[in-house]
Amino acid sequence: MNRPPRPIRQPFALAVLLVAALAGLAWGQGMPRVALVAAEDLRPGNAVVIEADGLTPDAAYLVRLEGPDGVVVEEPLPQTNGAGRLTLDLLVAGRHTISLAGPDLEARFFLRVEDAPPVAVDPEPTPAVPEPAAPEPAGPEPTEAPTEPERAPAPTEAPPAAPAQPEPTPQPAPAPERAPDPTPVPPATTSAVVLVVEDGVVVARDGLGEPRWRLAFPAGAGDVTTALTHLGRGWLAVGHQVLEVDLERGAILARVATSGTIVDLQPVGTGLNVRSEVATAGRPRSVEARLEGGVLTPAAVFDPTSDLFGALRREAASVDADARAAVDPTNPYLHLAAARAAAAAGDDAGAAAAVDAALASATTFYDLARLARDLAADGRLEDADRAMANLLCGLLHPGFVDVPQHHLRAIRGQPRGDRAPDALRGP
């Protein structure tokens, strides 16, 4: 008789000890606890459940599943009042690693999923040979009872007619017996998305490895060096900028400029660590920064001779602006192109809305300075002043208290010199 797999709960003692060592917590201070609920014999298609309590309320915890085929799935652990639970599907056979990381916690489990055994086919039953019956004991011969001879019917009598039988009602043929349904296999999980870079193109693949969307970048935008998911969000390193992408559609949601070409992007905790190669006054050096909540710390410092300043402008000039803006609303020069097209068509309201979008999406001082020049050249002097006002506010941010002189020299070509703020004038 086959026995169904019995769920077992595995407290991860090693992870608890590691938590105590890393966080420096005393045993009586509510240490996080982690357990894995799994079957004794895991097969492809089975699910496991990771449970945790004693977590930091409202903090972000990440569950990472790494399969034997190298596919990595990351999902945030949903939690309420410090307790969390998440179900994971194991789709293929082999060794799996499941980890849970977050504030004061780092736990890891190793599981092996075995191939499903072949279904045993019962052999054809061999017909049983009946055993010969034992002979009965001898007894007296039975005496036959005398029988009365049959009386012949009278020649004039006809045999009685058989009573009429009703016509049998036709019955439908019995339906063949239906074989029992096989054990249902849970559907494959396709919600998790993995980002990979293939020949410079970002490809999002679902849990089955099928492509969901692709995102390419034109020449001049910079090389795509990294694509990853972290805490349910997608991140790309393109040239000197970190981009957040929508995992469902592949649209760009936000971008943050760093000091130079990004050479390494790693998820750490609830943010990202970024390492860039910077050439300041022609001397290369490495700069590390922390990106969290859309803010880069320390703030980026730019080399005025770098060709990175024109990356977005070059990208907008080499694509269909309307089509690309639907995928990337964070490039201000795509909106500027839309404003010029609307103005040429006599759509003043559409042109004004596109200019507003361009100013809202420009986040660096050099893009705002370039927009101010372009808007002034188009005769939109009031809009050019708005761009310069945004630029000045950005430079007065706490990250730019001491404005580098080469930043000021880079933007001194603002459009209306007679009204330029004193902070932007120079020798």
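### Regarding the pairing of strand 3 (residues 47–53)
Burial within strand 3 is extensive, with 5 of its 7 residues counted as buried. When strand 2 (residues 33–38) meets strand 3, the two strands line up antiparallel, connected through 5 bridges. Bridge pairing in strand 3 places Val37 opposite Val49. One ladder, built from 6 bridges, connects strand 3 with strand 7 (residues 83–89); its direction is antiparallel. In the sheet register, Ile50 faces strand 7, and the bridge partner there is Leu86.

### Overview of the environment of Ala101
In this structure, Ala101 sits in strand 8 (residues 94–102). Look at Ala101 and you get partly exposed, because its relative accessible area is 36%. Spatially, the C-alpha atom of Ala101 lies 5.6 Å from that of Tyr61, the residues being 40 residues apart in sequence.

### Details of the pattern of salt bridges
Taken as a whole, this structure holds 18 salt bridges when the rule is applied. In this structure, the salt-bridge partner of Arg340 is Asp378, at a minimum N-O distance of 2.8 Å. Here Arg340 is found in helix 4 (residues 332–344), whereas its partner Asp378 is found in the loop between helix 6 (365–377) and helix 7 (381–395), with 38 residues between them in sequence. A residue is classified by how much of its surface remains accessible, and Arg340, at 41% relative accessible area, is partly exposed. Judged by its relative accessible area of 37%, Asp378 falls in the partly exposed class.

Criteria and thresholds
Residues numbered from 1 in each chain as written. Predicted model: local features only at pLDDT ≥ 70, side-chain atom pairs only at ≥ 80, totals over all residues. Heavy atoms only, no water. Buried < 20%, exposed > 50% of the residue type's maximum accessible area, 1.4 Å probe, protein only. Helix = DSSP H or I, 4+ residues; strand = E, 2+ residues; numbered from the N terminus. Pairing = 2+ DSSP bridges. Salt bridge = Lys/Arg side-chain N within 4 Å of Asp/Glu carboxyl O.

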